[in-house]
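As a plain string of letters, each chain reads:
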Amino acid sequence: MGARLAARGVASLSPPLFAESLIKKGLRMEHPPTALRISTAQVESIHSRLKKRPRHSENVIQAALFIAGAISILTTLGILYELGKEALLFFASPEVNLLDFLTGTKWQPSIGQFGVLPLVNATLMTSFIAMFIALPLGLAAAIYLSEYASPRSRKILKPILEILAGVPTVVYGYFALTFMTPLLRALLGADNVQIYNTLSAGLVMGIMILPLVCSMSEDALSSVPHSLREASFGLGATRLETTLTVVVPAALSGIIAAFILGVSRAVGETMIVAVAAGSGPKFTFNPLQGAETMTGYIARISGGDLAYDTPDYNSIFAIGLLLFLITLGLNILSRRLVARYREVYE
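Structure report, in brief.

Calculation rules
Residues numbered from 1 in each chain as written. Predicted model: local features only at pLDDT ≥ 70, side-chain atom pairs only at ≥ 80, totals over all residues. Heavy atoms only, no water. Helix = DSSP H or I, 4+ residues; strand = E, 2+ residues; numbered from the N terminus. Buried < 20%, exposed > 50% of the residue type's maximum accessible area, 1.4 Å probe, protein only. Lys, Arg positive; Asp, Glu negative; His and termini not counted. Salt bridge = Lys/Arg side-chain N within 4 Å of Asp/Glu carboxyl O. Polar contact = N/O pair within 3.5 Å; in protein donor to acceptor, adjacent residues only side chain to side chain. 1 Å grid on protein atoms, 1.4 Å probe; cavity = no way out; pocket = protein on both sides within 12 Å on 5 of 7 lines; lining within 4 Å. Points joined across faces, edges and corners; volume = space filled by probe spheres on them. Nonpolar A, V, L, I, M, F, W, Y, C, P; charged D, E, K, R; others polar. Phe/Tyr/Trp six-rings, centres within 6.5 Å; stacked < 30°, edge-to-face > 60°.

Details of the side chain of Glu86
In step 1: Mapped onto the secondary structure, Glu86 falls in helix 4 (residues 56-91).
In step 2: No salt bridge is formed by the buried Glu86. Its closest oppositely charged neighbour is Lys85, at 4.2 Å.

Now the structure itself:
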């Protein structure tokens, strides 16, 4: 009889489900076992008990998570709306031209010169110097912590790096002004290095971003399956060869994300450049001279006594909108690169 039932599509089930399957298929057993003598009412009773019951606590948690996500999106839209609204007032001024704003090399709003390139150039220059320090050192530290350090060394070194991430940025700014700048003037000559310069600000900014790059890169390297390392060792590769040819390429998407996030952090840094880089907009490629960045200008103007709805005041919103678009572009680029180079392992 079991073979006949199996041939007619009845699988091996527990007694209640087996009986329900028989009822649905219209089958009758000539001599059903005692354990399977279940009436239709009993089957319906089992169905009612197995139905999904509403769980109000899970609904509350789901609603709270949705609200948190919605608040994040609405906050971003609100920031974009306010920046755009105030920036339109700036570009609506008769003395402001969009083409001159994007291509001009002089920024003096008090005399009607609105070329933003000096501010953008100083921002990119300090960010490049910071990345020149943070990226190689951060990746090297991440490789050491992930592949070479013993568990005891990792427990000691990683918290020390994370302490650097908790230092206020204004402290880094005064460290750049009172330590890094005198050191550069002693090494390169006091006549060559100005007191306020983008080199010292960029170097200290790189030290500040170092823990971020190191932590994210180390997480990406640690997530690579150990089976890849063991396979490489089995083929006779050394630990260095395994790290450079197997582990780093496998974690490339996470490392790229760490790099681009570090660049975004450098572009948006305010206090270090406001204290150590200088406060005069200057279109120069010499890192030994002072130059004002976009965030430094916003910090300086927002703290001054300027009349509302003037070009000088509204210019900070135009620069803020440009800064927002730059960081947004970097984030979009990061997502595209991560999706392209992501490796999925079972």
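A look at the environment of Thr75
In step 1: As for its placement among the helices and strands, Thr75 is situated in helix 4.
In step 2: Polar side-chain contacts of Thr75 include one of 2.6 Å to the backbone oxygen of Ile71.

What to know about the layout of surface pockets
Over the atoms rolls a probe the size of a water molecule, and in doing so it shows where empty space is left.
In step 1: Here the largest pocket is characterised by a volume of approximately 170 Å³.
In step 2: If you go around the largest pocket, you meet 14 residues; those closest to its centre are Ser146, Glu147, Arg154, His226 and Arg229.
In step 3: Broken down by secondary-structure element, the contributors of at least two residues to the lining of the largest pocket are helix 6 (117-148), helix 9 (198-222), helix 10 (226-234) and helix 11 (239-250).
In step 4: It is helix 11 that contributes the most residues to the lining of the largest pocket, four residues altogether.
In step 5: Class assignment of the residues belonging to the lining of the largest pocket gives a composition of four nonpolar, five polar and five charged.

A look at the packing of aromatic side chains
In step 1: Per the counting criterion, the structure on display carries 10 aromatic pairs.
In step 2: Judged by centre distance (6.2 Å) and plane angle (65°), the rings of Phe101 and Trp107 are edge-to-face. Side by side, Phe101 and Trp107 carry an identical accessibility label, which is buried.
In step 3: Considering the side-chain rings of Tyr313 and Phe317, the 5.6 Å spacing of their centres and the 65° angle between planes classify their relative orientation as edge-to-face. Of the two residues, Tyr313 and Phe317 both sit in helix 15 (residues 311-341), four residues apart, roughly one turn of that helix.
In step 4: In this structure Tyr313 comes out as partly exposed when scored by relative accessible area, which is 23%.
In step 5: Through a chain of ring-to-ring contacts, three or more aromatic side chains come together here, namely Phe90, Phe91, Phe101, Trp107, Phe114 and Tyr297.

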